[in-house]
Structures are given as C-alpha cells and as structure tokens.
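# Descriptive analysis of the structure
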Amino acid sequence: MSLRIAFLYNVRHHYPDPNDLRNQAETDSDDPATIEEMIRHLRGCGYDVLPIEANEDCYPQLLANRSRIDLAFNYAEGLHGLDRECHIPAMLEMLEIPYTGSAPLTQALVLNKARTKDILRAHGVPVLPQVVLRSADEVDQVRLDFPLIVKPLSQGSSAGITNRSVVRTPEELHAQVASVIEALGPAVMVEPFLTGREFSVGMLGNPPLVLPPIEPDHKRLPDGYEKIDSLEVKWVLEESSEMDNYLLCPAPLDEAMLARVQEVCRATWDALGIRDVCRVDLRCDAAGNPYVLEVNSPAGLLPPAISQTSYLPLAARTAGISYDELLTRIIQAAWTRVHP
Ligand SMILES: Nc1ncnc2c1ncn2[C@@H]1O[C@H](COP(=O)(O)OP(=O)(O)OP(=O)(O)O)[C@@H](O)[C@H]1O
Ligand SMILES: [Mg+2]
C-alpha cells in the first residue's frame, strides 16, 4: 500500500518584483503552478497525496486527518513572524505526525541568519561577523569596514537583496537599512561583503550525501549588476536564456577545495541539527577561504517543467538523481529516521 503523504505548502500571489521591496515579503513561497506540479510529481512517485495549504486553516485539517497521514512532506515557509518556518513542524510535533525536514528549533534558527551564524561560530564553522539593526538610527553601531552588505534578518529567496544591498559609504548604509526595515522589517543584518567565489551546496539523507556544489559564474553578469545573487539575478536573469550556463554545476573545484567545502557543510549540518535535506550557501574571501552565509531549510524544489535553475534539483540532477528520485529520497530519509 502506498504511503499517504500530507503535502504542506505556502503559495505566493505575485511574482517577485526587484523594484518593489514590499512585494518581496512573499518571495519564499511558491506560485500555484509550482505547487500543482510538485503534487503531480509526488503522485507520479506512487504516493497517496493529501495537499494542505499551510495557512491559518491547516491545523483543523491536520487534526481531522492525523490518523490517515503516514508522513507530512513539509514544504511550508510559514506565514507570519520571524520564526515562521517552525510553525508547521511545531504543529506536526504536537499532533505526532512524522514529517520531512528539520525540527522546530532548527527551523526557527535557520530563518534567522544572525542566530544561525552565532551557533555556527560557537561550533568553529567559519562565518562572517555581523551587526543586527532594528532602525537606521542604530547604524553607528556598525564597526565593520566597507564594502558591506545589508540583508533582511529573516527572509530567503533573495527577498530584500537587490543591487542596492552592497553599500560602500555610511550614507548608502543608512539609506539601505532604512528602506529594507521599512519594507520588510523588523530587523536587518549587516556583514562584510565578500568578493570571492560563491557555492551553494545541497545535502540529502541521514547522514547527508553532499551534492555537487553549484557556483554562480558572477563574471557573466552584465555591467551594472553587483556580483551577487540578488533578486534581479535569481528571479529575472537566471530564468532568461541568455544566461544559460550561468550556474556551474559541478563547480570547478580542485580536490582539496571540494573536501574543504564538504567539511564545512557537514559541520554546519551537525551544528544546526539539520535532518533529511537542506542547502548551504557559502562565499569565499579574496584569499579563497569559504564562509557559510546561510542555510536553506526547506530548500527550494521547483520542478524541472517550472524552472531549470532551482538549485537543489539542479545539483541532484548533476549527481544523477532525477526530480522524482529527489522527492522520494527526501521522503525515505524521513521515513527511515522515524521507522528505523
Ligand atoms: N556577505 C556576503 N558577501 C558577498 N555576497 C553576499 C554576502 N551575503 C550574501 N551575498 C550574496 O547575496 C546572495 C543572497 O544572500 P543570501 O544567500 O544570504 O540570501 P537568501 O535570500 O537567503 O538566499 P536564498 O535564495 O538562498 O534563500 C548570495 O547568494 C550572495 O550572492
Ligand atoms: Mg542564499
């Protein structure tokens, strides 16, 4: 008999707009066509799928169906608050419904880029220093050398990260902090801007298989673009055909560098208590030393018919793991963790 999987997801109502910071609050969620296609794939893998939108009405649906659900596939980003990614895992814990991905503590942690780095730093994982600000009036607390990058404290999918995020003067810093807090509030994180290579690394299973790193080839960005995976780059340029092969996968790394990246990713997984699946984003300084920027859980899983550049499916494909096999392996990782 096939497993009955409750598929938990959030939907967004607009495509992310690089010129409208407020509209970017929903960037982490997926459009309805993506969700439909994911459900189609899950059914194609042979699961009996019960889709549940992870909105305010989801708890009664989970409660009513708990005895019929074998496992929940948690793809929910959450709706409100700085800890939104832990809400669904917390409900599932309360209802004793097993689920894919990390537990509430880890999910709350990884959405907060500063707290994530505090934990990683304490475990000896290389991370950059940071300052968290709740108002532009606090910018004099920033004692880091320019250039700096200003990021929302608790967003993903490059929401709030645009060409204006890299700042080189106190005036630019002040203006950017003010506009990001106003649009996406309530806090931003300021950290040194690194100019070295960038890698995004998918991890799958317990203990995790480290998938081939993806490297955005920043040299190929048109003039006028900061060398970052900003919202403009991730949601507009990467999807355009002129930028074919902008994402290098596997990233061209020598053996020693690949081993170093894998070591840092495994240490990150252990320090944060990640389970089943995640994606770690890293960037190097000018000397080539990697630093963890952030961890994505749940990591984006856009099906191939919707996007060819969704990072985790792309890395899996490079490793010979099809989209359907990726979904199956995430489910199997959770299932065998719960039923050893
Ligand atoms: N300290 C930094 N130095 C240089 N570039 C950075 C730094 N922090 C972020 N970036 C750039 O900005 C991009 C987005 O940053 P980050 O990964 O923190 O945001 P995100 O919105 O959570 O991303 P995701 O889409 O992976 O959820 C990175 O991919 C990188 O190109
Ligand atoms: Mg990232």
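Going by the structure above, here's the rest.
Below is a short write-up of the structure. Just so we're clear, the structure is a prediction, and the values are computed from it rather than from any experiment. (Residues numbered from 1 in each chain as written. Chains lettered and ligands numbered in written order. Predicted model: local features only at pLDDT ≥ 70, side-chain atom pairs only at ≥ 80, totals over all residues. Heavy atoms only, no water.)

Spatial ordering of the open sheet is given by 2-1-3, a layout of three strands whose pairing is parallel. Sheet topology places strand 2 (48–53) and strand 3 (71–74) at the edges, where each strand pairs with a single neighbour. Within this sheet the neighbouring strands show an average axis-to-axis angle of 25°, counted without direction. Judged from the six bridges that link them, strand 1 (residues 4–9) and strand 2 form a sheet pairing that is parallel. For Leu8, the partnering residue across the bridge sits in strand 2 and is Ile52. (Pairing = 2+ DSSP bridges. Helix = DSSP H or I, 4+ residues; strand = E, 2+ residues; numbered from the N terminus. Axes fitted to C-alpha atoms, helices over the stretch in contact; angles between N-to-C directions.)

Under the defined criterion, the tally for this structure stands at three aromatic pairs. For the ring pair Phe7 and Tyr9, a centre distance of 5.7 Å and an interplane angle of 25° mean the geometry is stacked. Owing to a relative accessible area of 0%, Phe7 belongs among the buried residues under this scheme. Judged by relative accessible area, which is 12%, Tyr9 ranks as buried. Members of the aromatic cluster, connected to one another through ring pairs, are Phe7, Tyr9, Phe73 and Tyr75. (Phe/Tyr/Trp six-rings, centres within 6.5 Å; stacked < 30°, edge-to-face > 60°. Buried < 20%, exposed > 50% of the residue type's maximum accessible area, 1.4 Å probe, protein only.)

Looking now at the coordination of the magnesium ion (ligand 2). On the protein side, the magnesium ion (ligand 2) has Asp281 (OD) and Glu294 (OE) as donor atoms, found 1.9 to 2.0 Å from it. Pair noted here: Asp281 is in strand 12 (residues 277–284) and Glu294 is in strand 13 (residues 290–296), with a separation of 13 residues, a long-range link. Of the two residues, Asp281 and Glu294, neither departs from the other in class, the shared state being buried. (Donors = N, O, S within 2.8 Å, 3.2 Å for Na, K, Ca; no water.)

Another aspect to go through is the pattern of salt bridges. Between side chains of opposite charge, a pair can form as their charged atoms come close. Counting across every chain of the model gives 16 salt bridges. Notably, a salt bridge pairs Arg84 with Glu77, separated by 3.8 Å at the nearest N-O pair. Given the relative accessible area of 6%, Glu77 is considered buried. The shortest N-O distance in the salt bridge between Asp118 and Arg121 comes to 3.0 Å. Of this pair, Asp118 and Arg121 both sit in helix 5 (residues 113–122), three residues apart, roughly one helical turn. On the basis of relative accessible area, Asp118 is assigned to the partly exposed category, the value being 29%. Using a relative accessible area of 37% as the deciding quantity, one classes Arg121 as partly exposed. Here the residues in one salt-bridge network are Arg115, Asp118 and Arg121, joined through shared partners. (Salt bridge = Lys/Arg side-chain N within 4 Å of Asp/Glu carboxyl O.)

The subject of this paragraph is helix 10 (residues 323–338). The end-to-end C-alpha distance of helix 10 is 23 Å, a good match for the 22 Å that 16 residues give at a rise of 1.5 Å each. Of all the positions in helix 10, only Tyr323, Leu326, Leu327, Ile330, Ile331, Ala333 and Ala334 are classed as buried. On an axial view of helix 10, the arc spanned by its buried residues comes to 150°, and they lie on one face. Lining the buried residues of helix 10 we find strand 1, helix 1 (32–44), strand 3, strand 8 (198–204), strand 12 and helix 9 (311–318). (Expected span 1.5 Å × (residues − 1). Arc of directions from axis to C-beta. Contact = heavy atoms within 4.5 Å.)

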